[in-house]
Amino acid sequence: MSSITLRAATSADLDRITEIYADAVTNGTASYELDPPSRIEMGARFDSLVAGGFPYLVAEKGGIVLGYAYAGAFRPRSAYRFVVEDSVYVAPDAKGQGVGLLLMQRLIEAAKAAGFRQIIAVIGDGRPDSASVRLHEKLGFHHSGRLEGSGYKHGRWLDTMFMQLPINGGASVPPDPQSLPERKFRKQK
């Protein structure tokens, strides 16, 4: 039996990534999108993240993508440049096998290496017993807020949970001038 491999996502993975996300949109509550985006739209999102230098990863086993994770800008305003928001999605038949944990561990490493200071999880249907909340707690994220009744999907109101993981010293030390977010900021000026 082959083991799970983690690697940077490529455009060749987008058909499977689109399929995994479509299932999450159609059948789940993690995403507040109501209609699955097209392969073209998913490609545009992928291209934007990769062009921005953000980590975008896949987990595969036997050549089949089991899940994916990425970090992107939390908000577009420049003062947020050291904060990323994580996203992780696992194929239905791969859930419960530790794929999400492996992806998130590697994503955290990549965010640290790039010099980010905070990772924010914005969890749709953020019930305390949800798999995503439990995963983020296991990784050291702390609860930082809840928006009650902020989404309506599948005939019910959903809460949004915010969780946060400080990395690279968080807010306790000044920004690293050589970090990816700081280099990008200086380049824009």
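**Student:** Pulling in residues and values, what's your account of the packing of aromatic side chains?
**Tutor:** In this structure the tally under the stated criterion is nine aromatic pairs. Their ring planes at 75° and their centres at 5.6 Å tell us that Phe 74 and Tyr 80 sit as a pair that is edge-to-face. Taking relative accessible area as the criterion, Tyr 80 reaches 37% and is therefore assigned partly exposed. Members of the aromatic cluster, connected to one another through ring pairs, are Tyr 21, Phe 46, Tyr 56, Tyr 68, Tyr 70 and Tyr 89. Looking at Arg 75, its charged tip hangs above the ring of Phe 74, at a distance of 4.2 Å from the centre. Above the face of the Phe 185 ring, Arg 81 is positioned so that its terminal group lies 3.9 Å from the ring centre.

**Student:** Go over the sheet that holds strand S1 (residues 5–8) with me, naming the residues and quoting the values.
**Tutor:** Ordered by their spatial adjacency, seven strands build an open sheet running S1-S2-S3-S4-S5-S7-S6, and the pairing between neighbours is mixed. Each end of this open sheet is capped by a strand with a single partner; those strands are S1 and strand S6 (142–153). Shown here is a sheet whose adjacent strand axes are inclined to one another by a mean of 25°, direction ignored. In this sheet, strand S5 (residues 118–124) lies alongside strand S4 (residues 83–90) in parallel orientation, the contact comprising four bridges. The partner of Glu 85 across the bridge, within S5, is Ile 120.

**Student:** A description of the nonpolar core should follow, citing residues and the corresponding values.
**Tutor:** In terms of nonpolar packing, the biggest core is built from 47 residues, with Ile 17, Tyr 68, Leu 103, Phe 116, Ile 119 and Phe 141 touching the most fellow members. At seven residues, helix H3 (residues 99–114) tops the list of elements feeding residues into this core. When sequence neighbours within four positions are dropped, the list of residues in contact with Phe 116 reads Phe 54, Arg 81, Phe 82, Val 83, Val 84, Ala 111, Ile 167, Asn 168, Leu 180 and Pro 181.

Parameters and conventions
Residues numbered from 1 in each chain as written. Predicted model: local features only at pLDDT ≥ 70, side-chain atom pairs only at ≥ 80, totals over all residues. Heavy atoms only, no water. Phe/Tyr/Trp six-rings, centres within 6.5 Å; stacked < 30°, edge-to-face > 60°. Buried < 20%, exposed > 50% of the residue type's maximum accessible area, 1.4 Å probe, protein only. Lys NZ or Arg CZ within 6 Å of the ring centre and 35° of its normal. Pairing = 2+ DSSP bridges. Helix = DSSP H or I, 4+ residues; strand = E, 2+ residues; numbered from the N terminus. Axes fitted to C-alpha atoms, helices over the stretch in contact; angles between N-to-C directions. Core = buried A, V, L, I, M, F, W, Y, C linked by side-chain atoms within 4.5 Å. Contact = heavy atoms within 4.5 Å.

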